[in-house]
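Here's the letter readout for the chains.
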Amino acid sequence: MNAGGTTRADIGIRDGRIVAIGDVRSAARELDAAGKLVLPGCVDLHTHLASTPTFTPLDDFEHGTRAAIAGGVTTVCSMVYQEGTLRAGIERGLRDAGRSLADFAFHIVVTDPSDAATAELPSLARDGHTGLKVFMVTPRFGDRITDYVRLLRAAAGAGMLTAVHAEDHETVVRATTLLHAAGHDAVRYFPESRPAAAEDIAIRAAAQLAAKTGAAMYFVHLSSRAALAALAEAKSGGLRVYGETRPLYLHLTRERFERPDAALWVGQPPLREREDVEAIWDALRGGLLDTVGTDHYPHRRAAKLAPDLAFDRVPPGVANLETLLPMLYSEGVRRGRLTVERMVDLLATSPARIAGLRGKGEIALGSDADIVIFDPERTRTIKASEMHSACDYDPYEGWEVTGWPSVTLLRGEVAYAEGEILAQPGQGRLVARDPSHGAPS
Ligand SMILES: [Zn+2]
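Residues numbered from 1 in each chain as written. Predicted model: local features only at pLDDT ≥ 70, side-chain atom pairs only at ≥ 80, totals over all residues. Heavy atoms only, no water.

Student: Describe the pairing of strand β10 (residues 241-245), and please don't skip the residues or the numbers.
Tutor: Burial analysis of β10 places 5 of its 5 residues in the buried class, which makes it a mostly covered element. By the alternation rule, side chains of β10 split into Val 241, Gly 243 and Thr 245 and Tyr 242 and Glu 244, which are all buried. In terms of strand pairing, strand β9 (residues 216-219) meets β10 through 3 bridges, oriented parallel. Residue Met 217 lies in a different strand from β10, and its bridge partner there is Val 241. Crossover handedness for the path β9 to helix α10 (residues 225-236) to β10: right-handed. Across 2 bridges, the pairing between β10 and strand β11 (residues 291-292) is parallel. What sits directly across from Thr 245, in β11, is Val 292. (Buried < 20%, exposed > 50% of the residue type's maximum accessible area, 1.4 Å probe, protein only. Helix = DSSP H or I, 4+ residues; strand = E, 2+ residues; numbered from the N terminus. Pairing = 2+ DSSP bridges. Right-handed = clockwise from strand over helix to strand, strands pointing away.)

Encoded structure:
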């Protein structure tokens, strides 16, 4: 099963690669996939598994990729942070990923767009590190705009893709200050502190930077109708821009923030309205959005629900790697919102192409044998206690899902089968990224 269509065939694997599709007569080892869907392993371009000098995430590479493999995700891109040099961030990421069970690559978060950092780009790109990330939501972005423009221009020249967290800093600060001044500190005010207008303004500003510099941009975690409209305009202007949404915005609405445990669902941007949810499904179906990435970054229940935390002090992020594929299948394909081929495109083919991840994202001769044998009839109720994340709650606790991975292969090795993790820490490898900009091949 591929983004381009579905056929019934055997798949032959040798030395970790797909070497035959069709009638494979005999093999040293056979896996029976009768009655199941055979999908390319999913590629999640948005995770936070690497540490920083001051912080190690609850789901580090080992825990996070256990969840990934169990959920049919075979390649993860993690954010790594500049530490003086950009290269130092990559080196930390490589050390952390030494415990990875899935294949991996990085986006380097640029916090200081100095001339020295910009000068590093060509050598990083040559080494297969072609991903950057910038946060427009920090004051630094506006303060250093000239430097960021220089960085983006160099990124375009080096064939790098820049991931963009597009929320306008001033809009968020203004709304947050007004809420605090009115004594509205509770988490139920969180959505008002980060209005959809902040996304709209930031995406439009970023699109102007893309036009000016030629940079290819990947807008992460788009959540609203306003964001989609801004993305559509940027795309119709011929810019090389791509849009990602995240599962939270497909499955949940702002109503969660009325609950006493609202903080459990805090991520940036916040959950939106029912109309936004429907618009995002439409954009996935119609092709305006290119990928679904998890932004996997869980925190323990006690950290999220610490007493008297103001809405802007709750650590943002949730676990999502294990439920990404089954929930998109259950809520998307089974409900008729997406074809299974479109789902494969969103979760595997497009992310691999956009990020230039060589050998990933499709079942094709010569590709890595990253394969999910998916049982479309298996019904399961999501329980945090059965998930592989180190987190002690799941944002979809109690959700009934039909369709779940039975077996996950990573480069031909059985990494996960029927509830059991078989891959070892360290089995994952760095995936070299082409300077592709995601142009269709
Ligand atoms: Zn993120």
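Student: Requested: an account of the side chain of His 48, with residues and values cited.
Tutor: Its place among the elements puts His 48 in the loop between β4 (42-47) and α1 (61-70). A relative accessible area of 12% places His 48 in the buried class. Looking at His 48, its side chain comes within polar contact range of the side chain of His 46, at 3.4 Å. In this structure, His 48 is in contact with Pro 57, Asp 59, Ser 78, Met 79, Lys 133, Asp 295, His 296 and Tyr 297, ignoring residues within four places of it in sequence. (Polar contact = N/O pair within 3.5 Å; in protein donor to acceptor, adjacent residues only side chain to side chain. Contact = heavy atoms within 4.5 Å.)

Student: Tell me about unusual backbone geometry, and please be specific about residues and values.
Tutor: The linkage connecting Gln 268 with the following residue, Pro 269, adopts the cis geometry, with an omega of 0°. Mapped onto the elements of the fold, Pro 269 is located in the loop between α11 (248-251) and α12 (274-286).

Student: A description of the packing of helix α6 (residues 145-157) against helix α9 (residues 196-213) should follow, citing residues and the corresponding values.
Tutor: For the pair α6 and α9, interaxial distance at closest approach is 9 Å and the crossing angle is 55°. In terms of axis orientation, α6 runs oblique to α9. With respect to the hand of their crossing, α6 and α9 are arranged in right-handed fashion. From α6, Ile 145, Val 149, Leu 152, Arg 153 and Ala 156 reach across to α9, where they touch Leu 209, Lys 212 and Thr 213. Here the residues of the contact of α6 with α9 are counted per class, giving 5 nonpolar, 1 polar and 2 charged. (Axes fitted to C-alpha atoms, helices over the stretch in contact; angles between N-to-C directions. Parallel < 35°, antiparallel > 145°, perpendicular 65-115°, else oblique. Left-handed = near helix turned anticlockwise from the far one by under 90°. Nonpolar A, V, L, I, M, F, W, Y, C, P; charged D, E, K, R; others polar.)

Student: If you had to explain the pattern of salt bridges to someone new, which residues and values would you point to?
Tutor: Pairs can form between side chains of opposite charge once their charged atoms are near each other. Following the criterion strictly, the structure yields 32 salt bridges and no others. Linking Arg 335 and Glu 331 is a salt bridge whose minimum nitrogen-to-oxygen distance equals 2.8 Å. Taking relative accessible area as the criterion, Arg 335 reaches 55% and is therefore assigned exposed. Residue Glu 331 is classed as buried on the basis of its relative accessible area, which comes to 9%. (Salt bridge = Lys/Arg side-chain N within 4 Å of Asp/Glu carboxyl O.)

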